[in-house]
Amino acid sequence: MEGIQSRDSRSRRSQGRRRRFTWRDTLAALLMVAVCVSVFLSIGSLGKKAPASDLPKPSVTGLPALTIPRMQSRMPVVSLTRNAQMEKKDTDWKLILVNNQNAIPEDYEITLAELPGGEKVDQRIYAPLMAMLEAAKEGNGGQFPIVVSGYRTQETQQFLYDDKIAQYQNQGYSPSNAKQLAEQWVAVPGHSEHQIGLAVDINGAIYDIYPWLQENSYQYGFIFRYPGSKTEITGVAEEVWHYRYVGVEAATEMYEKGLCLEEYLAEKQREGNEPKKENRLRVRRMSPGAQRPSLAA
Ligand SMILES: [Zn+2]
């Protein structure tokens, strides 16, 4: 009540001093403009690194809202992956999905290590791979199995891809049929696990090496990546020689549940969307009837 009275009395007094008040009004308005401009500039500077074309046209009403959506949309997928890696650094790189639908990220970095025989792999899988190959001697007549194809450059993958298409065309297939057939065997360049150094093609002295690998590779973190029973999902014909590193935990779960990588990742995604985390089963015991990758024809 007191406030209202004093404001009333001030406004009555102001009638007699209209001229001074006009100046004060002008000053206040200028101050307001200055404040608005500085707020606008400081908000604008938050997004300095964004290309100018990304910026929505500034408008006073849009100001508070425009920074947040822009910063979210500017964030590339790669950054999100990196953020996630900070939380679970150790598993993400192992579970990267590369297939004909999922290309290798453009800025994917790799540090290579050379294997006996000259092929190379991501250095992070060197030790488990060597351990597996050493153990695999028992399924290979006592001989150390050979990695015949490890890391491939884009150029190598392109050569293999073009070559496979040419082979089918030479057999009389039309270019489009030849391409379709070739892609069941050789991944489209930019879409091969060999290009991320996490996959190897293994040759043994005897065929027994492959059943041995199918039963034991998970213990070393490797999976039989393209079983014939999963061709419809993977898009790749059975390749008994191709092994992919995913880490022991994931490999064990895939082995025990009979899942290929695509199925495993889909399951993880579903579990991630479920609210009750405590109900998740990380590793299940093998049941006698559990589906397993097998040597299909
Ligand atoms: Zn391969």
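Because the structure is a prediction, the values reported are computed rather than measured.

What counts, and where the lines are drawn
Numbers given to residues run from 1 along each chain, matching the order in which its sequence is written. Where totals are concerned, whole chains, interfaces and linings use all residues; where local detail is concerned, this predicted model gives features only for residues with pLDDT of at least 70, and gives and counts side-chain atom pairs only at 80 or more. Starting at the N terminus, helices and strands are each numbered in turn, a helix being any DSSP run of H or I of at least four residues and a strand any DSSP run of E of at least two. Exposure classification rests on a simple neighbour count of other C-beta atoms within 10 Å of a residue's own: a residue reaching 20 or more is buried, one at 12 or fewer is exposed, and one in between is partly exposed. C-beta atoms are placed from the backbone. Contact criterion: two residues are in contact if their C-beta atoms, reconstructed from the backbone, are within 7 Å. A strand pair is defined by DSSP finding two or more bridges across the two strands. Here an axis means a line fitted to C-alpha atoms, over the contact stretch when the element is a helix, while the angle between two N-to-C directions is reported on a 0 to 180 degree scale. Here a nonpolar core is just a set of buried residues of the types Ala, Val, Leu, Ile, Met, Phe, Trp, Tyr and Cys, joined wherever their C-beta atoms sit within 7 Å. Any angle that is under 35 degrees is reported as roughly parallel, and any over 145 degrees as roughly antiparallel; angles of 65 to 115 degrees are reported as roughly perpendicular and all others as oblique. For a crossing to be left-handed, the near helix must be turned anticlockwise from the far one by less than a right angle; the clockwise case is right-handed. Arc, as used here, means the arc of the directions from the helix axis to the C-beta atoms. The predictor rates its confidence in each residue with pLDDT, a number between 0 and 100.

### Some points on the overall build of the protein chain
- A count of helical and extended segments in the protein chain gives 11 helices and 6 strands.
- Counting only residues that meet the buried cut, the protein chain has 22% of its 297 residues in that class.
- Of the contacts made within the protein chain by residues no fewer than 6 positions apart, 68% connect residues no fewer than 24 positions apart.

### Things to note about the environment of V236
- Its place among the elements puts V236 in the loop between α9 (231-234) and β6 (239-245).
- Remark: the alpha-carbon pair of V236 and N100, spanning 136 residues in sequence, is separated by 9.2 Å.

### Topic: the sheet that holds strand β4 (residues 199-203)
- In space, the 4 strands of this open sheet follow the order β3-β4-β6-β5, with antiparallel pairing throughout. If you trace the sheet from one side to the other, it starts and ends with β3 (146-149) and β5 (222-226), each paired once. Averaged over neighbouring strand pairs, the angle between their axes works out to 50° when direction is ignored.
- Sheet topology places β5 next to β6; 4 bridges connect them, and they run antiparallel. Pairing of F224 across the sheet is with Y243, part of β6.

### Some points on the nonpolar core
- Counting residues in hydrophobic clusters, the biggest one holds 34 residues, and the most contacted among them are V200, L213, F222, I223, Y243 and A251.
- Elements supplying a minimum of two residues to this core: α5 (126-135), β4, α8 (209-216), β5, β6 and α10 (248-257).
- Discounting chain neighbours no more than four positions away, the residues touching F222 are M132, S217, Y243, R244, Y245 and A251.
- Judged by nonpolar contacts, the second largest core, of 5 residues, contains Y161, I165, A182 and V186.

### Regarding the pairing of β4
- Note that β3 and β4 share 3 bridges and pair antiparallel. Bridging from a neighbouring strand, V147 pairs with I202 of β4.
- Relative to β6, β4 runs antiparallel, the two being bridged by 3 bridges. Looking at β6, one finds that D201 is bridged to H242.

### Description of the packing of helix α6 (residues 154-170) against helix α7 (residues 175-182)
- Contact geometry for α6 and α7: axes closest at 8 Å, N-to-C directions at 125°. Viewed along their axes, α6 and α7 adopt a mutual orientation that is oblique. Crossing of α6 against α7: the hand is right-handed. Residue-level inspection shows Y161, K164, I165, Y168 and Q169 of α6 in contact with α7, the latter providing P175, A178, K179, L181 and A182.

### A short note on α10
- Residues of α10 that are buried include every one of A250, A251, M254 and Y255, and no others. For α10, the buried positions fall inside an angular range of 130° around the axis, keeping them on one side.
- Structurally, α10 contributes buried residues whose contacts are with β5 and α11 (261-273).
- Remark: G258 follows α10 within two positions and exhibits a positive phi of approximately 70°.

### Description of the confidence of the model for the protein chain
- Averaged over the protein chain, the pLDDT score is 75; the fraction of residues at 70 or greater is 62%.
- Every residue in residues 35-87 scores below 50 in pLDDT, and together they form 25 contacts with partners more than four places removed in sequence or on other chains.
- The low-confidence segment residues 277-297 (pLDDT under 50) makes 26 contacts with residues lying over four places distant or belonging to another chain.

### Let's talk about the environment of T156
- Along the chain, T156 falls in helix α6.
- On the basis of neighbour counts, which here come to 15 C-beta atoms within 10 Å, the residue T156 falls in the partly exposed class.
- It is 8.6 Å that separates the C-alpha atoms of T156 and P189, two residues lying 33 residues apart in sequence.

### Some details on the environment of H191
- Relative to the assigned elements, H191 resides in the loop between α7 and β4.
- H191 sits 88 residues away from A103 along the chain, and the two C-alpha atoms are 4.7 Å apart.
- When sequence neighbours within four positions are dropped, the list of residues in contact with H191 reads V98, N99, N100 and A103.

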